Amino acid sequence: MVRLPKGATFLKPVPALALLYLLWEATAWVFHGWPSPRAVFGVLAADFQQPAFRSALAGSAWRMAVGYALVVLIGIGGGLLLGRIPLVDQIMGSFAVAIHAIPGAAWVPLSVVWFGMTERAVIFTIVLGAAGIVMVNTDTGIREVPPFIARASRTLGARGWTYFWFVVVPAAIPKMVDGLRLAWAFGWRALMAGELLTSVSGLGQLLSQVAKAGQLDGLLAIMLLIAVIGVTIDWLIFKRLEHAVRVRWGLAS
Amino acid sequence: MRVEIQHVCKSFPHNGSTLEVLQDVSLTVEEGQFVCLLGPSGCGKSTIIHLIAGLERPTSGHVLVDGRPVTGPDPSRTVVFQDAALFPWLSVLGNVEFGLRMAGVEPRRRRARALEYIRLVHLSKFVHAYPHQLSGGMKQRVAIARALALQPAILLLDEPFASLDAQTRAVLQNELLEIWELARPTILFVTHNVREATGLADRVYVISSRPGRIRDVQDVSVPRPRRAEDPVLLAHQHKILGLLGEEVEKVLREELGETVHFPEAQHPAPPEGSLGMHI
């Protein structure tokens, strides 16, 4: 393995990406009708010139932002209630796990029944597809306060609500962040499923349009864009956040 | 404050049966006294600290502070734990302020008080550092400052320096004595290091293991600062090591079976200049 200097670790996936590119180029040579990478990038570049494409992209981004904000609110709020209040846990605990077990795409039909083919149905899909994991992780986190932390805080006078807010909640943050990172991935998938199956203007809907029109290069271009956005946000925000939190909490160096 | 433990027994459930950790332990610590609890690992020393801190209740017997039974933790009795047990999400300042914050001290006053104790443990340069950035010795300094910031009448230390290297331990022992002479809290200090116990304490309780019982009490009346080679200290150490040798043997026999044989010279007197004798 070549050791990269500090600050250049973002170059790590370059060899793998280069290999992938070459393979793609080769398959495009062999199979007639399979678009080459250059053709796909060309289509993508052309897509960005179109106002309709850009507004679809903005629409997806907006829905994801609203959906994710609700996921954070409901997931963390619900998880805190589950972990703090035994009665809520008894009534809602298994319910939260059940919601968490249903894939995002499976919520679309119900969302459409309730909200019609609207933006709200898509946001509802994101929330149900991603809030469960945040809830379950938050709940687990606040139940697993390290005993030495619990003991130390009690000798320093923490009890009741002060113990909860100043000890239990911060101790649970690494678990919450794990949940938030997964929720981004789940939510992004749920967004695509929602847009594909409703006719709300967005990346998902563009995907079904180009598929119906038989434009294979256009289809690949949008899929590539979906993957790149998903991975980029995960790397730039969530992976960094997770690492920073793990270092400070003494879980990684 | 005066600490009294009267005929305390403590047992825990363990693999379906009960494990007796303390058996009929009685001890008294006078106000402002520095007392060490010395014994082999697993003898229930930490349990005594937890009982006085109010983190555990005795199975039978009484734990009294100024004549009143201990019913739970209280800011007048703070603890320095072996692993420091700092809050990793708080800076040095945040950790030292924690108890004051719980007590509802207003921000400006608690900050000033925290900074004062951070200065006392020589960490002024690291006020805004986080625990993961500190060495083991620095973490223990923070833990001591955090426990002192509440100005406790009783300071409980549970093998606070056990995981530190010899030099750091010696420095922190001296600093602890300085702090004690400044504020004069009642101190209960748990250790399995004979030198540490005789070097620090006014009185050493030697605790036997499984179940923990008071095996011996040694009043160390050597004035401070104490020299490591003081003959009176050496005599105390020699006596304690003799008692503890039997104890350590007992523990090892239990753990390893009856086949282990111990030669006579198992516990030599500490060599000149060494910083401590572990058991």
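Cut-offs used in this document
- Residues numbered from 1 in each chain as written.
- Chains lettered and ligands numbered in written order.
- Predicted model: local features only at pLDDT ≥ 70, side-chain atom pairs only at ≥ 80, totals over all residues.
- Heavy atoms only, no water.
- Axes fitted to C-alpha atoms, helices over the stretch in contact; angles between N-to-C directions.
- Helix = DSSP H or I, 4+ residues; strand = E, 2+ residues; numbered from the N terminus.
- Parallel < 35°, antiparallel > 145°, perpendicular 65-115°, else oblique.
- Contact = heavy atoms within 4.5 Å.
- Nonpolar A, V, L, I, M, F, W, Y, C, P; charged D, E, K, R; others polar.
- Expected span 1.5 Å × (residues − 1).
- Buried < 20%, exposed > 50% of the residue type's maximum accessible area, 1.4 Å probe, protein only.
- Arc of directions from axis to C-beta.
- pLDDT = per-residue confidence, 0-100.
- Buried area = accessible area lost by both parts, 1.4 Å probe.
- Salt bridge = Lys/Arg side-chain N within 4 Å of Asp/Glu carboxyl O.
- Polar contact = N/O pair within 3.5 Å; in protein donor to acceptor, adjacent residues only side chain to side chain.
- Pairing = 2+ DSSP bridges.
- Core = buried A, V, L, I, M, F, W, Y, C linked by side-chain atoms within 4.5 Å.
- Phe/Tyr/Trp six-rings, centres within 6.5 Å; stacked < 30°, edge-to-face > 60°.
- Lys NZ or Arg CZ within 6 Å of the ring centre and 35° of its normal.
- Patch = residues over 30% accessible without salt bridge, like charges linked within 9 Å, V, L, I, M, F, W, Y side chains within 5 Å.
- Areas by Shrake-Rupley, 256 points an atom, 1.4 Å probe, with all protein chains shown as cover.

So, the packing of helix H2 (residues 37–49) of chain A against helix H10 (residues 216–248) of chain A
Helices that pack against each other are described as a pair by the angle of their axes relative to one another and the distance between those axes.
All names here are of chain A.
Point 1. For the pair H2 and H10, the least separation of the axes is 8 Å and the interaxial angle reads 75°. When the axes of H2 and H10 are compared, the pair comes out roughly perpendicular. Touching Val-40, Phe-41, Val-43, Leu-44, Asp-47 and Phe-48 of H2 are Asp-217, Gly-218, Leu-220, Ala-221, Leu-224 and Leu-225, all from H10.
Point 2. For the contact of H2 with H10, the class distribution of residues is nine nonpolar, one polar and two charged.

Here's the deal with H2(A)
Residue and element names in this part refer to chain A.
Point 1. Under the 1.5 Å per step criterion, the end-to-end length of H2 is 19 Å for 13 residues, consistent within 8% with the ideal 18 Å.
Point 2. Within H2 the residues assigned to the buried category are Pro-37, Val-40, Leu-44 and Asp-47. In a view along the axis of H2, the buried residues occupy a sector of 85°, so they form one face of it. With respect to the buried face of H2, the exposed residues turned more than 90 degrees away are Arg-38 and Gln-49.
Point 3. Contacts from the buried residues of H2 go to helix H1 (14–30), helix H3 (51–84) and H10.

Digging into the confidence of the model for chain A
Point 1. Averaged over every residue, the pLDDT of chain A is 90; residues scoring 70 or more account for 97%.
Point 2. Put simply, helix H4 (residues 86–101) of chain A is where chain A has its lowest mean pLDDT, 82, and helix H7 (residues 147–155) of chain A is where it has its highest, 95.

A word on the environment of Glu159(B)
All names here are of chain B.
Point 1. Looking at the secondary structure, you find Glu-159 in the loop between strand E7 (154–158) and helix H5 (166–183).
Point 2. Considering only alpha carbons, one finds Glu-159 and Thr-28, 131 residues apart in sequence, at a separation of 20 Å.
Point 3. If we skip the residues at most four places from it in the chain, Glu-159 touches Lys-45, Gln-82, Val-190, Thr-191 and His-192.

A word on the interface of chain B and chain A
Reports often express the size of an interface as the amount of accessible area lost when the parts come together.
Point 1. With 25 residues of chain B at the contact, the number on the chain A side is 19 residues.
Point 2. Together, the buried faces of chain B and chain A total about 2,000 Å²; carbon and sulfur atoms form 73% of this surface.
Point 3. Across the contact surface, chain B and chain A share zero salt bridges.
Point 4. Where chain B packs against chain A, one counts two residue pairs in polar contact (both at pLDDT 80 or more).
Point 5. Mapped onto the side of chain B that touches chain A, the elements with two or more residues apiece are helix H1 (45–53), strand E6 (77–80) and helix H2 (92–102) of chain B.
Point 6. Top contributing element to the side of chain B that touches chain A by residue count: H2(B), with four residues.
Point 7. Broken down by class, the residue content of the side of chain B that touches chain A amounts to 15 nonpolar, five polar and five charged.

Thoughts on helix H3 (residues 107–120) of chain B
Residue and element names in this part refer to chain B.
Point 1. Across its 14 residues, H3 extends 20 Å between first and last C-alpha, which sits within 8% of the 20 Å expected from 1.5 Å per residue.
Point 2. Considering only its buried residues, H3 is in contact with H2 and helix H4 (136–148).
Point 3. One or two positions beyond H3, positive phi appears at His-122, with a value near 60°.

Here's the deal with the sheet that holds strand E4 (residues 60–65) of chain B
Residues and elements named next belong to chain B.
Point 1. Taking strand neighbours across the sheet as the criterion, the four strands line up as E2-E1-E4-E5 in an open arrangement whose pairing is antiparallel. Of all strands in the sheet, those with a lone pairing partner are strand E2 (17–29) and strand E5 (68–69), marking the two edges.
Point 2. Against the sheet, H1 engages strand E1 (3–14), E2 and E4, with an angle of about 115° to E1.

Considerations on the pairing of E1(B)
Residues and elements named next belong to chain B.
Point 1. Looking at chain direction, E1 and E2 are connected through nine bridges and run antiparallel. Counterpart to Val-3 in the pairing with E2 is Val-29.
Point 2. Between E1 and E2, which pair antiparallel one after the other, the connecting turn spans two residues, and Asn-15 there sits at a positive phi close to 45°.
Point 3. The pairing of E1 with E4 spans five bridges and is classified as antiparallel. Of the residues in E4, the one forming a bridge with Glu-4 is Leu-64.

Details of the environment of Ala227(A)
Residues and elements named next belong to chain A.
Point 1. Its place among the elements puts Ala-227 in helix H10.
Point 2. Since its relative accessible area comes to 42%, Ala-227 is described here as partly exposed.
Point 3. Distance in space between the C-alpha atoms of Ala-227 and Trp-188 is 9.8 Å, their sequence separation being 39 residues.

Focus: the nonpolar core
Nonpolar side chains tend toward joint burial in soluble globular proteins.
Point 1. Counting residues in each nonpolar core, the largest one holds 108 residues, and the members touching the most others are Phe34(B), Val96(B), Phe189(B) and Val204(B).
Point 2. With 15 residues, the single largest contributor to this core is helix H8 (residues 160–197) of chain A.
Point 3. The contacts of Phe34(B), once residues within four sequence positions are left out, are Leu176(B), Leu177(B), Trp180(B), Ile187(B), Phe189(B), Leu200(B), Ala201(B), Asp202(B), Arg203(B) and Arg224(B).
Point 4. Within the second largest apolar cluster, 30 residues are counted, among which are Leu37(B), Leu55(B), Val79(B) and Tyr205(B).

A short note on the packing of aromatic side chains
Point 1. All chains considered together, the criterion is met by 17 aromatic pairs over all chains.
Point 2. In this structure an aromatic cluster arises from ring pairing among Tyr68(A), Trp184(A), Trp188(A) and Phe238(A).
Point 3. When the ring centre of Phe87(B) is taken as reference, the NZ or CZ atom of Arg146(B) above it lies at 4.9 Å.

Let's talk about a nonpolar patch on the surface
Point 1. A surface patch of nonpolar side chains, about 580 Å² in accessible area, is lined by Leu81(A), Ile85(A), Leu87(A), Ile91(A), Met92(A) and Phe95(A).
Point 2. With respect to the helices and strands, Ile85(A) occurs in the loop between H3 and H4.

Details of the pattern of salt bridges
Residues and elements named next belong to chain A.
Point 1. Counted according to the given criterion, the structure contains 18 salt bridges over all chains.
Point 2. For Asp-139, the salt bridge is made with Arg-143, and the minimal N-O distance between the two is 2.6 Å. With a gap of four residues between them, Asp-139 and Arg-143 both fall in helix H6 (residues 119–143), about one helical turn apart.
Point 3. Classification of Arg-143 as partly exposed rests on a relative accessible area of 46%.
Point 4. Residues joined in a network through salt bridges with shared partners are Arg-63, Glu-119 and Glu-195.

Some thoughts on the sheet that holds strand E8 (residues 186–191) of chain B
Sheets are built from strands that pair by backbone hydrogen bonding, the pairs being arranged parallel or antiparallel.
All names here are of chain B.
Point 1. Pairing is mixed in the open sheet, where six strands are placed in the order E6-E7-E8-E3-E9-E10. Looking at which strands have only one partner, the edges of the open sheet turn out to be E6 and strand E10 (213–219). With direction set aside, neighbouring strand axes in the sheet form an average angle of 20°.
Point 2. Across four bridges, the pairing between strand E3 (residues 34–38) and strand E9 (residues 203–208) is parallel. Within E9, the residue paired with Leu-38 across the bridge is Val-206.

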